[in-house]
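Next come the chains, spelled out residue by residue.
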Amino acid sequence: MSIDSAVGITGVDKVFSARKGDVIALTGIHLEVAKGEFVSLIGPSGCGKSTLLRVIAGLIPATSGQVTVNGKSAEQARRDQDYGFAFQQAGLLEWRSVAANVELPLVVHGVSRAKRRARARELLDLVGLADFAEHRPQELSGGMQQRVAIARALAESPTLLLMDEPFGALDEMTRERMQGELVRIAAETSAAVVFVTHSISEAVFLSQRVVVMSPRPGRIADVVPIGLGARDLDTREAPEFFAAVTQVREALRGRASVGEGIS
Ligand code: ADP
Ligand code: MG
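These numbers were taken from a predicted model, which means no experiment stands behind them. (Residues numbered from 1 in each chain as written. Chains lettered and ligands numbered in written order. Predicted model: local features only at pLDDT ≥ 70, side-chain atom pairs only at ≥ 80, totals over all residues. Heavy atoms only, no water.)

**Student:** Now, about the nonpolar core: what can you tell me, with residues and values included?
**Tutor:** Within the largest apolar cluster, 51 residues are counted, with the highest numbers of intra-cluster contacts made by Leu 124, Met 163, Phe 195, Val 204, Ile 226 and Val 248. Here the element with the most residues in this core is helix H5 (residues 142–153); it accounts for 6 residues. Setting aside anything within four residues of it in sequence, one finds Met 163 in contact with Leu 53, Ala 86, Ile 150, Leu 182, Val 193, Val 194, Phe 195 and Val 196. Core analysis: the second largest hydrophobic core is formed by 32 residues, Val 12, Val 33, Leu 52 and Phe 85 among them. (Core = buried A, V, L, I, M, F, W, Y, C linked by side-chain atoms within 4.5 Å. Buried < 20%, exposed > 50% of the residue type's maximum accessible area, 1.4 Å probe, protein only. Helix = DSSP H or I, 4+ residues; strand = E, 2+ residues; numbered from the N terminus. Contact = heavy atoms within 4.5 Å.)

**Student:** Tell me about the sheet that holds strand S10 (residues 219–225), and name the residues and values.
**Tutor:** Spatially, 6 strands are ordered S6-S7-S8-S3-S9-S10 in an open sheet, and the strand pairing comes out mixed. Looking at which strands have only one partner, the edges of the open sheet turn out to be strand S6 (83–86) and S10. Recorded for the sheet is a direction-independent mean angle of 15° between the axes of neighbouring strands. Docked against the sheet, helix H8 (residues 239–252) engages strand S3 (38–42), strand S9 (209–214) and S10, running at close to 20° with respect to S9. (Pairing = 2+ DSSP bridges. Axes fitted to C-alpha atoms, helices over the stretch in contact; angles between N-to-C directions.)

**Student:** So what's going on with the packing of helix H3 (residues 98–108) against H5? Which residues, and what values?
**Tutor:** Where H3 meets H5, the axes come as close as 7 Å, and the angle between the chain directions of the two elements is 30°. On the basis of their axis angle, the class for H3 and H5 is roughly parallel. H3 and H5 meet at a crossing whose hand is right-handed. When H3 is examined against H5, the residues Val 98, Asn 101, Val 102 and Pro 105 are found in contact with a partner set consisting of Val 148, Ala 151 and Arg 152. Class assignment for the residues of the contact of H3 with H5 results in 5 nonpolar, 1 polar and 1 charged. (Parallel < 35°, antiparallel > 145°, perpendicular 65-115°, else oblique. Left-handed = near helix turned anticlockwise from the far one by under 90°. Nonpolar A, V, L, I, M, F, W, Y, C, P; charged D, E, K, R; others polar.)

Structural data, given as structure tokens:
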């Protein structure tokens, strides 16, 4: 495990104790995410994607094994705000303006009003919502609300973004536009991203590597490297894109071990 990695996971298991018996949510997870790398986690419902993200975030402890974020323990990285988190629901406060929502993590951490204002302006610019700073969240479309949530997750300049199906509630067209935006934002901020999705094409479009998980107990079945280069409007129509989609689909079905295997 390189000390220069954004995320290092070694031999992680997660067991939930339930009244009807234990649930092994994750077993034998090894994964390293490099600084600035974009990695997606894909797999059927219940395979432990959200659990793995919460373990990386230090929100729940692993039952065994080791997790590091920027070379520190996951708990320390959480206290240091090394990462931003975005979920399927934007989770914005309706009574606050868009700018005030983006500023919220900065308020919590005692950043001065002037600095907060400037940072919110910069972030809303980054996500293409500069003109909507004083609007209320309910005046925005679903895609725009999700952009606000991404801006908020970026408020403290995290080196890591953890995203749990952030575009899952959006229509297909909006979703594709947001994917393009996210690729640009990740490049501009140099943040590493761990992105959970059900969508094979979304995982392929966004990622440098797609981590394919299988359920019961949740484990990494395969890691598919995606060698697509810079993404643009033609990427989704390129033969290499379809080839990568097929590779991930077959890995999900448990066919043909492709790529570099479990690493
Ligand atoms: P995914 O995000 O891939 O759909 P989850 O990580 O949410 O899957 O869940 C993985 C497994 O762990 C599921 O069987 C789920 O029921 C179980 N699980 C998740 N959270 C808890 C919890 N807090 N208590 C008990 N079981 C849980
Ligand atoms: Mg989930």
